[in-house]
Amino acid sequence: MRLKIHRGLMSAAGKDGWISGSLESVPKETAEAVVIGAGVVGLAVARELAAKAGREVIVVESAPTFGSGSSSRNSEVIHAGIYYPPNSLKASFCARGRHLLYEYCRHHRIPHKQIGKLIVATRPSEIPKLSELMSRGVENGVEGLRMMDGQEAMRVEPELYCTKALLSPVSGIIDSHSFMLSLLGEAESHGAIFSYNTTVIGGKYEGGRLQLYVCDSKSLRNWDRQSALKPDLILCPRIVVNSAGLGALPLSKRIHGLDDRIVPTPYFARGCYFTLSNVKSPPFQHLIYPIPEDGGLGVHVTLDLNGQVKFGPNVEWIDGTDDISNFLNQFDYSVAGDGANRFYPEIRKYYPHLDDGSLEPGYAGIRPKLTGPMQIPSDFIVQGEKIHGIPGFVNLFGIESPGLTASMAIAEHVVAKIMNESHKK
Ligand SMILES: Cc1cc2nc3c(=O)[nH]c(=O)nc-3n(C[C@H](O)[C@H](O)[C@H](O)COP(=O)(O)OP(=O)(O)OC[C@H]3O[C@@H](n4cnc5c(N)ncnc54)[C@H](O)[C@@H]3O)c2cc1C
Ligand SMILES: *[C@@H]1O[C@H](CO)[C@@H](O)[C@H](O)[C@H]1NC(C)=O
């Protein structure tokens, strides 16, 4: 089955861009399972549904291709699972996801490397925080954690300055594009259909059926923002997974019949990266992380598999765009060159020999957050029927870091949840 996108149906007047008028004339199509968003999480869910659970899957993605959202704008680190509160979804999905991911990478020859990570205290006053991280990591079951004194760590990493370090040997890096390509291939070879340039703009739950309003992304991009939006197609699936990343919350708010009160307020935090230029070889062998800061893990050192060194991401709280721009991923991803001025002092705390002028603007990503500045970080949210009362529907909210590491565990959990809840009937 091919998703048919019918054009030329945008018409009639409406106020705030919300769908108005009759939808009688809009073509309807049934489907077994629809996954919204082809980021790493949507791809992992599609693979799990198609390859493991044998479902007929349609993946609807607003962009021209897969993985162009947060999934290609991150540190590409396979996280160990140290930081998260014990028993949180982040902790358990990170641990399980890391095992699944390493296994998958080995089996499918995805470029990756378990290079290990050092979390460093650069002042004596940071040492208690490092000890807290150690106990938390141990509680979360992270293997092989070990404290090093400053001397030892600086012997291992001659360019590093620190007073104490926590070594996490199971942390690593991955070529996330190859990983996504492999998930995509597996999903497709089990019959999953990918409909790119296709945006879900809302929906309705009525009479026990969920309907998704689907639009051609190109017409949405050209939409004058005044005339009413009318979907090109209405999809009526039995299973829907909302893995729309930064678009997941605004989309949920646009599903009539879903209780608004269970949809949290979205917050957005941009993170910028700078790359290291003018170096013959990377100054570090391990990932180097400072003590975490509010909203992120601190401006850290990441190495990619080509030996490029990047620093980042910082935390810049931004206002979201309007919903439609949000679905179309029309965020400001530019990295201002003068931002480097704030990076130098941060980085020199642990890398004192960083040369002036060696940082070049890299790229930026945006974290889909569920709490704002200075608030306690929230956990991933996975909402199924038990919470919103809609059978076969799962919302994924706040899938920020470690979402890449956790992706296969999230997929496993989501699909098991759907199968479980549908068996109970
Ligand atoms: C700066 C930064 C650094 C990070 N570093 C790491 C790291 O080192 N390790 C790690 O494990 N994790 C990391 N993460 C987290 C990780 O990148 C994300 O958790 C993960 O990529 C989320 O994947 P996703 O599929 O949920 O979202 P996305 O990749 O954003 O995919 C969502 C997709 O949905 C599409 N979409 C949106 N709305 C609609 C709609 N209405 N209709 C159709 N399609 C829609 C979008 O176009 C997009 O392709 C980082 C994140 C950021 C931002
Ligand atoms: C999606 O849209 C882009 C840009 O408009 C276009 O170049 C591309 O061919 C389209 N892809 C598909 C699969 O329709």
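Since the model is a prediction, treat every value here as computed from it, not as a measurement.

Basis of the calculations
- Here the residue numbers are simple positions, counted from 1 along each chain's written sequence.
- Here every chain gets a letter starting at A, and every ligand a number starting at 1, in the order they are written.
- Only residues with pLDDT of at least 70 get local features here, since the model is predicted, and only at 80 or more are side-chain atom pairs given and counted; chain-wide, interface and lining totals rely on the full set of residues.
- Calculation of side-chain values draws on the structure's entire complement of heavy atoms; hydrogens and water are dropped beforehand.
- Only protein chains enter the accessibility calculation, which uses a 1.4 Å probe. A residue is then buried if its area is under 20% of the maximum for its type, exposed if over 50%, and partly exposed in between.
- By the criteria applied, helices consist of DSSP H or I runs no shorter than four residues and strands consist of E runs no shorter than two, each listed in order from the N terminus.
- Only protein atoms enter the 1 Å grid, on which a cavity is a set of points fitting a 1.4 Å probe that cannot get out and a pocket is an open set with protein on both sides within 12 Å along at least 5 of 7 lines, lining residues being those with an atom within 4 Å of a point.
- Grid points are joined across faces, edges and corners, and a volume is the space filled by probe spheres set on the points.
- Residue contacts follow a heavy-atom distance rule, with two residues in contact if any of their heavy atoms lie within 4.5 Å.
- We call a residue near a given molecule or strand whenever any one of its heavy atoms falls within 4 Å of it.
- Pairing of N or O atoms within 3.5 Å defines a polar contact, subject to two protein rules: one partner must be a possible hydrogen donor and the other a possible acceptor, and residues neighboring in sequence count only if both atoms are side-chain atoms.
- Exposure was quantified through the Shrake-Rupley algorithm and a 1.4 Å probe, taking into account, for residues, occlusion by the shown protein chains and nothing else.
- Under the convention adopted here, Pro, Cys and the residues Ala, Val, Leu, Ile, Met, Phe, Trp and Tyr are nonpolar, Asp, Glu, Lys and Arg are charged, and Gly plus all remaining residues are polar.
- Any two strands are treated as partners once DSSP identifies two or more bridges connecting them.
- To form a nonpolar core, buried Ala, Val, Leu, Ile, Met, Phe, Trp, Tyr and Cys residues must be joined to one another through side-chain atoms within 4.5 Å.
- Put simply, a disulfide is two cysteine sulfurs that come within 2.5 Å.
- Within this document, salt bridges are pairs made up of a side-chain nitrogen of Lys or Arg and a carboxyl oxygen of Asp or Glu, the two lying within 4 Å of each other.
- In this analysis, the expected span of each helix is defined as 1.5 Å times one less than the number of residues it contains.

1. Quick look at the pairing of strand β5 (residues 117-121)
Within β5, five of the five residues are buried, which leaves it mostly tucked inside the rest of the structure. The two faces of β5 match: K117, I119 and A121 on one face and L118 and V120 on the other face are all buried.

2. Some remarks on the layout of surface pockets
Using a probe with the size of a water molecule, rolled over the atoms, empty space left in the structure can be pinpointed. Considering only enclosed or pocket space, the second largest pocket measures out at about 360 Å³ in volume. Residue lining of the second largest pocket: 20 residues in total, with E293, G298, V299, E346 and K349 positioned closest to the centre. Ranked by residue count, the leading element in the lining of the second largest pocket is helix α9 (residues 340-348), at three residues.

3. A closer look at the environment of V415
Mapped onto the secondary structure, V415 falls in helix α11 (residues 403-423). Among the residues examined, V415 registers a relative accessible area of 5% and is labelled buried. Separated by 71 residues in sequence, V415 and Y344 have C-alpha atoms that sit 44 Å apart. Among residues more than four places away in sequence, those in contact with V415 are V45, E48, L49 and A53.

4. Considering the site of ligand 1
Close contacts around ligand 1 come from 39 residues, with E61, S71, V200, I399 and T405 the closest. At 3.2 Å from an oxygen atom of ligand 1 is found a main-chain nitrogen or oxygen belonging to S70. One of the backbone N or O atoms of E400 is found 3.1 Å from an oxygen atom in ligand 1. Notes on ligand 1: free accessible area 1,000 Å², of which the protein chains cover 97%. Looking at the shell around ligand 1 residue by residue, the classes come out as 15 nonpolar, 19 polar and five charged.

5. Notes on the sheet that holds strand β3 (residues 77-78)
As summarised here, the arrangement of the three strands in space is β3-β8-β4, forming an open sheet in which the pairing is antiparallel. Whereas interior strands pair on both sides, the edge strands pair on one side only; in this sheet they are β3 and β4 (112-113). As paired strands, β3 and strand β8 (residues 172-174) are joined by two bridges and run antiparallel to one another. Opposite V77, over in β8, you have I173 as the bridge partner.

6. Thoughts on the pairing of strand β10 (residues 198-206)
Relative to strand β11 (residues 209-216), β10 runs antiparallel, the two being bridged by eight bridges. Paired with E206 across the bridge in β11 is R209. Hairpin geometry of β10 and β11 is characterised by an intervening segment of two residues between the two adjacent antiparallel strands and by a positive phi of about 55° at G207.

7. With respect to the nonpolar core
Ranked by internal contacts, the top residues of the largest apolar core, which has 49 residues, are L160, F311, I347, Y350 and L359. A44, Y104, I110 and V394 belong to the second largest nonpolar core, which has 47 residues in total.

8. Quick word on the state of the cysteines
A disulfide bridge is the covalent bond that connects two cysteines by way of their sulfur atoms. Going through the model one piece at a time under the given rule, you end up with zero disulfides. C215 takes part in no disulfide bond, and the closest cysteine sulfur to it belongs to C236, at a distance of 15 Å.

9. A short note on the pattern of salt bridges
Going through the model one piece at a time under the given rule, you end up with 20 salt bridges. The partner of E412 in a salt bridge is R96, and the shortest N-O contact between them spans 2.6 Å. Within this pair, whereas E412 is found in helix α11, its partner R96 is found in helix α2 (residues 89-108), the two being separated by 316 residues in sequence. For D356, the salt bridge is made with R348, and the minimal N-O distance between the two is 2.8 Å.

10. Here we look at α2
Since one α-helical turn is 3.6 residues long, residues separated by three or four positions face the same way. Spanning 20 residues, α2 covers 26 Å between terminal C-alpha atoms, matching the ideal 28 Å at 1.5 Å per step. Looking only at α2, the buried set comprises K90, A91, F93, C94, G97, R98, L100, L101, Y102, Y104 and C105. Looking one or two residues beyond α2, the residue adopting positive phi is R109, at roughly 55°.

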